[in-house]
Amino acid sequence: MKAVSCIHGTLEVVDLPAPRPGDGQLVLEVLRCGICGSDLHAKDHADQLTEVMAEGGYHDFMRSDTPVVMGHEFCGVVAERGRKVGKELAEGKTVVSFPLRRAGGGVHLVGLSPLTPGAYAEQVVTEAALTFVVPNGLDPAVAALTEPMSVALHAVRRSEITGKDVAIVLGCGPVGLAVICHLKARGVRTIVASDFSPGRRALATRCGADVVVDPAEESPYEAVPARQRGLTELPALYELGVGSMEKLRRIPGWSHVYRVADRLGGTAPKRPVIFECVGVPGMIDGIVAAAPLASRVVVVGVCMGEDKLRPAMAIGKELDLRFVFGQTPLEYRDTLHMLADGKLDASPLVTGTVGLGGVAAAFDALADPDTHAKILIDPASPALTPEAVRR
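Small disclaimer: the values here were computed from a predicted structure and weren't measured.

The rules behind each value
- Residues numbered from 1 in each chain as written.
- Predicted model: local features only at pLDDT ≥ 70, side-chain atom pairs only at ≥ 80, totals over all residues.
- Heavy atoms only, no water.
- Buried < 20%, exposed > 50% of the residue type's maximum accessible area, 1.4 Å probe, protein only.
- Helix = DSSP H or I, 4+ residues; strand = E, 2+ residues; numbered from the N terminus.
- Arc of directions from axis to C-beta.
- Contact = heavy atoms within 4.5 Å.
- Polar contact = N/O pair within 3.5 Å; in protein donor to acceptor, adjacent residues only side chain to side chain.
- Axes fitted to C-alpha atoms, helices over the stretch in contact; angles between N-to-C directions.
- Parallel < 35°, antiparallel > 145°, perpendicular 65-115°, else oblique.
- Left-handed = near helix turned anticlockwise from the far one by under 90°.
- Nonpolar A, V, L, I, M, F, W, Y, C, P; charged D, E, K, R; others polar.
- Core = buried A, V, L, I, M, F, W, Y, C linked by side-chain atoms within 4.5 Å.
- Phe/Tyr/Trp six-rings, centres within 6.5 Å; stacked < 30°, edge-to-face > 60°.
- UniProt positions renumbered as here; feature names shortened; annotations may be inferred.
- Domains from an automatic or database assignment.
- Buried area = accessible area lost by both parts, 1.4 Å probe.
- Salt bridge = Lys/Arg side-chain N within 4 Å of Asp/Glu carboxyl O.

A.B. asks: What am I meant to see in helix 5 (residues 198-207) here?
C.D. replies: The periodicity of an α-helix, 3.6 residues per turn, causes residues three or four positions apart to be oriented the same way. Among all positions in helix 5, only Arg-200, Arg-201, Leu-203, Ala-204 and Cys-207 are buried. Down the axis of helix 5, the buried set is contained in an arc of 160°. They therefore lie on one face. Check the buried side of helix 5 and you find it contacts helix 4 (174-186), strand 11 (190-194), strand 12 (211-213) and strand 16 (350-354). Of the residues that open helix 5, the one with a side-chain oxygen 3.3 Å from the backbone nitrogen of Gly-199 is Ser-197. A positive backbone phi angle near 125° is found at Gly-208, which sits one or two residues after helix 5.

Below you can see the structure in the form of structure tokens.
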């Protein structure tokens, strides 16, 4: 079969033996596969990622000197079934799959390990237990977004955001756009999006952002409507505390009133939920410095280098800092059904399609944030450069 191999940062089409399924596995004919930001990082910085993953106990991540077929965001048709596969996953069914697979005596990341080749190929092997039939005739190009959209769902769920909270999304690449789509679907009424790229700001609006800003011109924190804006400086918090106590102490049994107000959330300052979706050094500390007091910060972007953080600043502001990674199989399944039921619109993310022979060109094209957000690979396409998606 044809596949795209990555070694020493070079992508090229190669011929590989057709895969065979093991017990409980499937071989899929790939219909579409998304190019993920993780793939862009891994192509040129695989060894850095390998070191990080090894510290976490995983020693089979891709390396720059070992060929690997990337691709973990995919949709395909069941072509062959291994033993012990349920009847639901019959040959000819269109499916998507959570990107983990058994191989070499362990469980590995599909498309990010040489032991489990991914879907930059005509065929890919998946675990039946992690494979889901695509419902409602969902377009394979949208179904292939199940994986990145479920990562965004995980981030939004971990944020514990409510409809009345203000969301601030920093960075409107595919991750940030996916987060915006989920925030909109969740009913968050005020979504502020920030990106230097005019093209990505336009996509953020299409995905549901209410306020879109260029951070070179305006602070995303100041773009929050005045009635919803939180406190940004410690003296204002001190004044609020003293002023409130001056009023409360005039009330008999003031501590009971305070306790009830505290239980109802009336004593905490207004604060946004901030999604960091850029992943470059300096972003986290920049947020710590600029964010309103008591903000909840959800770090979704993957920073490849070392970063710094001033704990005293975060402590003084009492910021809530959360890091997220991946998704659960249930979140993956639920995202698929949200897409198929029309409860989640991810179509604005897809900006181009390319064949296997054009994957290298697609990687180059994704370096321009004003041109593309998410490029899908169609193994049956002859396109050598990304073809714009018509809407």
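Still to come is the rest of the account.
A.B. asks: Help me understand the packing of helix 4 against helix 5 in this model?
C.D. replies: In helix packing, the relevant descriptors are the interaxial angle and the interaxial distance, both defined with respect to the helix axes. One way to put it is that helix 4 packs onto helix 5 with a least axis distance of 9 Å and a crossing angle of 20°. Viewed along their axes, helix 4 and helix 5 adopt a mutual orientation that is roughly parallel. Our pair here, helix 4 against helix 5, has a crossing hand that is right-handed. When helix 4 is examined against helix 5, the residues Pro-174, Leu-177, Ile-180, Cys-181 and Lys-184 are found in contact with a partner set consisting of Arg-200, Leu-203, Ala-204 and Cys-207. Its residues assigned to classes, the contact of helix 4 with helix 5 shows 7 nonpolar, no polar and 2 charged.

A.B. asks: What exactly am I supposed to notice about the nonpolar core here?
C.D. replies: In this structure, Ile-180, Leu-183 and Phe-275 are the most contacted members of the largest nonpolar core, which totals 50 residues. Looking at this core, the elements that each hand over two or more residues are helix 2 (140-143), helix 3 (146-159), strand 10 (166-170), helix 4, strand 11, helix 5, strand 13 (273-276) and helix 10 (329-340). Looking at this core element by element, the count peaks at 6 residues for helix 4. For Leu-183, the contacting residues outside a window of four places in its chain are Val-156, Ile-161, Ala-167, Val-169, Val-188, Ile-191 and Phe-275.

A.B. asks: I'm lost on the packing of aromatic side chains in this one. Help?
C.D. replies: To describe a pair of aromatic rings, one takes the distance between the centres and the angle between the planes. The full count for this structure, using the stated rule, is 3 aromatic pairs. With a centroid separation of 5.7 Å and 70° between ring planes, the pair formed by Phe-98 and Tyr-332 is classed as edge-to-face. With Phe-98 in the loop between strand 5 (94-97) and strand 6 (100-103) and Tyr-332 in helix 10, this residue pair connects regions lying 234 residues apart in the sequence. Side by side, Phe-98 and Tyr-332 carry an identical accessibility label, which is buried.

A.B. asks: How do you make sense of the UniProt feature "domain: Alcohol dehydrogenase-like N-terminal" (unreviewed entry) in the chain when you look at a structure like this?
C.D. replies: Under the feature "domain: Alcohol dehydrogenase-like N-terminal" (unreviewed entry), the UniProt entry names residues 22-135. Spanning residues 22-135, this segment combines 17% helix with 34% strand, and its end C-alpha atoms are found 26 Å apart.

A.B. asks: Whenever I open this one, the domain arrangement of the chain confuses me. Can you help?
C.D. replies: Many analyses report the size of an interface as the accessible area lost when the parts associate. For the chain, the assigned domains are domain 1 (2-133 + 346-388) and domain 2 (148-323). Look at where the C-alpha atoms of domain 1 and domain 2 centre, and you get two points 34 Å apart. Taken together, the contact pairs 14 residues of domain 1 with 15 residues of domain 2. Summed over both partners, the interface of domain 1 with domain 2 comes to about 1,300 Å²; 72% of that surface belongs to carbon and sulfur atoms. Inspection of the domain 1/domain 2 interface yields 0 salt bridges.

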